[in-house]
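Here are the chains, one letter per residue:
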There are 2 protein chains.
Amino acid sequence: MELKYIKINQKDNNVTVVNAEGIEKGDNLKEYNIIVKDFVPLGNKIAIQDINKDLPIIRYGEIIGYADRDIKAGELIDFKSIHVNKVKTLDIDIPYKSRKVNDKKNKERYFYGYENKDGTVGTKNLLAISTNVQCSEGFINKLVDYIKNNLLGKYENVDDVVTVSHTYGCGVAIDALDSEIPQRIINNIIKNPNFGGEVMMICLGCEKFTPDKIEAVSSEDILVQQNLSFHESFQKAIEMAEIRLKRLNKRNRKKFPLSKLRIGLQCGGSDALSGVTANPTMGYVADRLVEYGASVIFSEVTEVRDASNIILSRIKDKDLRKKYINEINWYDDYLEKSQVDRSANPSPGNKAGGLTTVIDKAMGSVAKSGISDITDILLPGELIKKPGLTFAATPASDFVCGTCQLASGINMMLFSSGRGTTYNLAHVPVIKIATNNVLAKKWGDLIDFNTGDIAIGKSSVDEKGEELLDYIIDVASGVKITKSDQLGLYNALVVFNPAPIT
Amino acid sequence: MELKYIKINQKDNNVTVVNAEGIEKGDNLKEYNIIVKDFVPLGNKIAIQDINKDLPIIRYGEIIGYADRDIKAGELIDFKSIHVNKVKTLDIDIPYKSRKVNDKKNKERYFYGYENKDGTVGTKNLLAISTNVQCSEGFINKLVDYIKNNLLGKYENVDDVVTVSHTYGCGVAIDALDSEIPQRIINNIIKNPNFGGEVMMICLGCEKFTPDKIEAVSSEDILVQQNLSFHESFQKAIEMAEIRLKRLNKRNRKKFPLSKLRIGLQCGGSDALSGVTANPTMGYVADRLVEYGASVIFSEVTEVRDASNIILSRIKDKDLRKKYINEINWYDDYLEKSQVDRSANPSPGNKAGGLTTVIDKAMGSVAKSGISDITDILLPGELIKKPGLTFAATPASDFVCGTCQLASGINMMLFSSGRGTTYNLAHVPVIKIATNNVLAKKWGDLIDFNTGDIAIGKSSVDEKGEELLDYIIDVASGVKITKSDQLGLYNALVVFNPAPIT
């Protein structure tokens, strides 16, 4: 018989219904010897012990709110039985609490990647052709097409040729408040480990975001379109590309410890099982990767905002806490200027789906970061500076967040979804993880990894986590290719630009 | 001998040096029998009559400032000899002044285009495949590639298949202040006359910008990716495309009066000659097109801001004046929030190039609108509502402005440049007009039309204007193909979104 409910964390005083039909009143939770006292729909919580008024409701091992009444074991805990204050002011002095517990020895693991001079390692060997201004996008699109069709075949160790294109560069207020954000993102994307330290940039010649504002390019990396005819420019660009293709082609995959992985975590198109199956599996993987010495980043300020006090309790260093709070405040102000807020109050749909509080909702998102200490905080698009778990303060929008993570220097992305998304990048592998079996079956040609069996008791978070680690290694080593890469589905880079357009 | 200076408008009390080396002190302006009293570099002005202190300096036939001293005929008028107040408060009651004078009868002209049910006419016959969210971009890119390679050949009357893609749709604050701007733009782009009234939209299925927010689509125009596997979706999308290709293929070009043209005017990568050669030529063409009953729109708020009082004097209707002032104020506020302004004060480079005042600079941009009355004002991306000359209040950034104009429903764009830009759209022809012979020669494979001969006296604005009108008709009729279309250089659509990302 399939499992009908799940306890997310051992410390939880409630279980979550994972049965599509819900659990009937009068059913017996045999494991706890409790008779269910209400009908409890999919995604909703049942108390597995008596919880007196004002005592904490624990989920994901964290306090997601407090009982509004005396809740008896077996009763439905819906959003009316729980209260919490929307977290407005963040408490920088909240007690630090180490959650890290792992008695098991991790098995020995390594992957095969491309070594870069700066010490990073690529999971792909790509020639990236970039531009500093949207005006040149037509040129680089044509150039990349030409190289793919005429040159790439000669360079068998080069995986692909990709564009680094964006809508920035001209018509921008170059010195406006916050204009450093898009400029930092573009500066750092070019340094991504998957580009092998090779840089090539096509500039128009009259843009405001001038090449001297881009650290990674030197004069021989730049071609200025205004100096030459199209055909001359195109010929010159092909020559520049071939020089770089030859250098990239000399590289071969070498064995590396997992500490060379830099993984970005994302979720999008989430459902009631995201916080139960896929995100905890990503959390398991994040914890193990941190133990292996890898860099793992999670992001999405507006998604995690309401679990901020829990996040702060995972940050030991006070300066880092300050940086986190500054970023949260920046986003609050940014949204407020346009008379909106993070809209984090669970919507009617969320409530019906069992997300009882804003913390409950945010915890589903935070679950993918595991329980390790957060050892660094990044501005949007700032480069990863340390191994361990890092929070990157980016927007939650999938494509904006993805572009920021790319700029931070990830060499792979894990992306969980319950409803399904075709989001993918040409620059790093994006592993698509389903939260449920329905999606995994329906989207068999798009989903790379399915955690749906956790919800029906056919697998556990630990089992799926170990499987996912092996899968990550195969993808990082080029042994397995993600479904979206096989299909060639690629999204645009979307550079976060909160500054105005003139 | 080549011409060394030019009088832009008959009413002007100064001439502009168009000779690359400038004009030496002691040279004789024979036409006016004046000895030049200073060395005057390229782009700078020489007084051709005495202008006493505080009397107006006239250029483009308009007051661009007032003499700061008694200026003698033959003297250089540089930025130190002229004063003007940066236009802050706009005067809604400024006297209306009709500038329209045309004694000549326009020659009979028509073009061949594609008739649409809504009364508009296309200059291309395109299948546009759009999406409501960035997430689906990979899918539509792949779909368009497939159609081009496998289907398009069967439909010889269809010119091309294009994507309508953007970075909006998810992760947006859907009800935020100003969020109606990107939503209006996307809503209206789909209605562009060049898409033949055929609509086809790929949606992911969980985006915030839901299909019901997009007027032009009905349920049979939509494919929701989350309902089907990739291969099923792709097959379905191909079927949807073929239905539309068959309908589009039944269309043939028919003869239409020029009143069916809807022309967007833009300039970018400007130089000292933009306001002397190409923009006045576009202005001539704009005036004639207005006489033919066509719709002509010019844009770029921050560029024309400082000529606002002159613009207002060309608007008869008080409500339209109000709409104009509202839009100008909106932009002022929008920029001020990020602690910048329109940066319209001529830069040191502008001053060296002879742009003496903010009005002088703005007039160079406004010159491309001719001298007709402005009979309508549009919000960014708002649909063209009337024939005649319309001002569309868009940002000045080329690719943002271009996307807004496309949304307004243009079926062709004229784009002048002095330094050169490769900006082009797949959706409407973009005619690239050079301001000078150096660019036209260097960029022979990118420039469609050269007005450089005006500066050296080998041609006049009227002559070039008549030539350009004929060229426009050939391009609108599909008889001539722009250089950028021949090369297949296409920029991204960049939807103006002043609202925040969550």
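Everything here concerns the structure above.
Computed from a predicted model, the values in this text were never measured in an experiment. (Residues numbered from 1 in each chain as written. Chains lettered and ligands numbered in written order. Predicted model: local features only at pLDDT ≥ 70, side-chain atom pairs only at ≥ 80, totals over all residues. Heavy atoms only, no water.)

### A look at the sheet that holds strand β8 (residues 76–77) of chain B
- Here we have four strands laid out as an open sheet, ordered β1-β2-β5-β8 (chain B), and antiparallel in their pairing. At either margin of the open sheet sits one strand with a lone partner, and together these are β1 (5–6) and β8 of chain B. (Pairing = 2+ DSSP bridges. Helix = DSSP H or I, 4+ residues; strand = E, 2+ residues; numbered from the N terminus.)

### Some words on the sheet that holds strand β6 (residues 56–59) of chain B
Residues and elements named next belong to chain B.
- Strand order in this open sheet of three strands is β6-β7-β9, and the pairing throughout is antiparallel. Each edge of the open sheet carries a strand with a single partner, namely β6 and β9 (82–83).
- Strands in contact with helix α9 (residues 358–366) are β6 and β7 (62–67); relative to β7, the strand with the most contacts, it is inclined by about 165°. (Contact = heavy atoms within 4.5 Å. Axes fitted to C-alpha atoms, helices over the stretch in contact; angles between N-to-C directions.)

### Observations regarding the pairing of strand β6 (residues 56–59) of chain A
- Bridge count between β6 of chain A and strand β7 (residues 62–67) of chain A: four bridges; the pairing is antiparallel. Residue pairing in the sheet places Ile57 of chain A in a bridge with Gly65 of chain A of β7 of chain A.

### Focus on helix α1 (residues 137–150) of chain A
Residues and elements named next belong to chain A.
- The first and last C-alpha atoms of α1 sit 20 Å apart over 14 residues, in line with the 20 Å expected at 1.5 Å per residue.
- Among all positions in α1, only Glu137, Gly138, Phe139, Ile140, Leu143, Val144 and Ile147 are buried.
- On its buried side, α1 packs onto β12 (126–131), β13 (160–164), β14 (201–203) and α3 (230–249). (Expected span 1.5 Å × (residues − 1). Buried < 20%, exposed > 50% of the residue type's maximum accessible area, 1.4 Å probe, protein only.)

### What about the environment of Tyr334 of chain A?
- One can find Tyr334 of chain A in helix α7 (residues 318–336).
- Between the C-alpha atom of Tyr334 of chain A and that of Ile147 of chain A, which follows or precedes it by 187 residues, the distance is 42 Å.
- Dropping the residues within four chain positions of it, Tyr334 of chain A is found in contact with Phe496 and Pro498 of chain A together with Pro500 and Ile501 of chain B.

### Some details on the relation of the copies chain A and chain B
- Screw-axis analysis of chain A against chain B gives a translation of 0.0 Å along the axis, an RMSD of 0.1 Å, and a rotation angle of 180°. Here the two chains are linked by the operation of a two-fold rotation axis.
- Taken together, the interface assignments show that 100% of the residues at the interface of chain A recur at the interface of chain B, consistent with an identical surface on both copies. (Least-squares fit on C-alpha atoms with pLDDT ≥ 70 in both.)

### What to know about the nonpolar core
- Judged by nonpolar contacts, the single largest core of 148 residues is most densely connected at Tyr324 and Leu414 of chain A together with Ile129 and Leu143 of chain B.
- With eight residues, the single largest contributor to this core is helix α3 (residues 230–249) of chain B.
- The contacts of Leu143 of chain B, once residues within four sequence positions are left out, are Ile129, Met200, Ile202, Phe234, Ala237 and Ile238 of chain B.
- Counting residues in hydrophobic clusters, the runner-up holds 147 residues, among them Val121, Ile222, Leu258 and Ile315 of chain B. (Core = buried A, V, L, I, M, F, W, Y, C linked by side-chain atoms within 4.5 Å.)

### Side note on the pattern of salt bridges
Residues and elements named next belong to chain A.
- As enumerated under the stated definition, the model contains 53 salt bridges over all chains in all.
- Between Lys45 and Asp360 there is a salt bridge whose closest N-O contact spans 2.5 Å. Of this pair, Lys45 sits in strand β5 (residues 45–47) while Asp360 sits in helix α9 (residues 358–366), and the two are 315 residues apart along the sequence. The two residues Lys45 and Asp360 agree in class, both being buried. (Salt bridge = Lys/Arg side-chain N within 4 Å of Asp/Glu carboxyl O.)

### A closer look at the packing of helix α2 (residues 180–189) of chain A against helix α10 (residues 398–408) of chain A
Residues and elements named next belong to chain A.
- Contact geometry for α2 and α10: axes closest at 7 Å, N-to-C directions at 55°. Our classification of the angle between α2 and α10 gives oblique. By crossing handedness, the relation of α2 to α10 is classed as left-handed. Counted together, Ile185, Asn188 and Ile189 of α2 and Thr403, Cys404, Leu406 and Ala407 of α10 form the full contact between these two elements.
- Tallied by class, the residues present in the contact of α2 with α10 amount to five nonpolar, two polar and no charged. (Parallel < 35°, antiparallel > 145°, perpendicular 65-115°, else oblique. Left-handed = near helix turned anticlockwise from the far one by under 90°. Nonpolar A, V, L, I, M, F, W, Y, C, P; charged D, E, K, R; others polar.)

### Details of helix α4 (residues 278–291) of chain A
All names here are of chain A.
- For α4, which comprises 14 residues, the first-to-last C-alpha distance of 20 Å matches the rise-based estimate of 20 Å (1.5 Å per residue) to within 8%.
- With 13 of 14 residues buried, α4 lies mostly within the body of the structure.
- Trailing α4 by a residue or two, Gly293 shows a phi angle of about 90°, which is positive.

### Comments concerning the interface of chain A and chain B
- Each side of the interface is counted separately: chain A has 59 residues, and chain B has 59 residues.
- Summed over both sides, the interface between chain A and chain B buries roughly 4900 Å², with carbon and sulfur atoms accounting for 60% of that surface.
- Taken together, chain A and chain B are joined by zero salt bridges.
- Remark: the boundary between chain A and chain B carries 38 residue pairs in polar contact (both at pLDDT 80 or more).
- Of all the secondary-structure elements, those providing two or more residues to the side of chain A that touches chain B are α1, α3, α7 and α10 of chain A. (Buried area = accessible area lost by both parts, 1.4 Å probe. Polar contact = N/O pair within 3.5 Å; in protein donor to acceptor, adjacent residues only side chain to side chain.)

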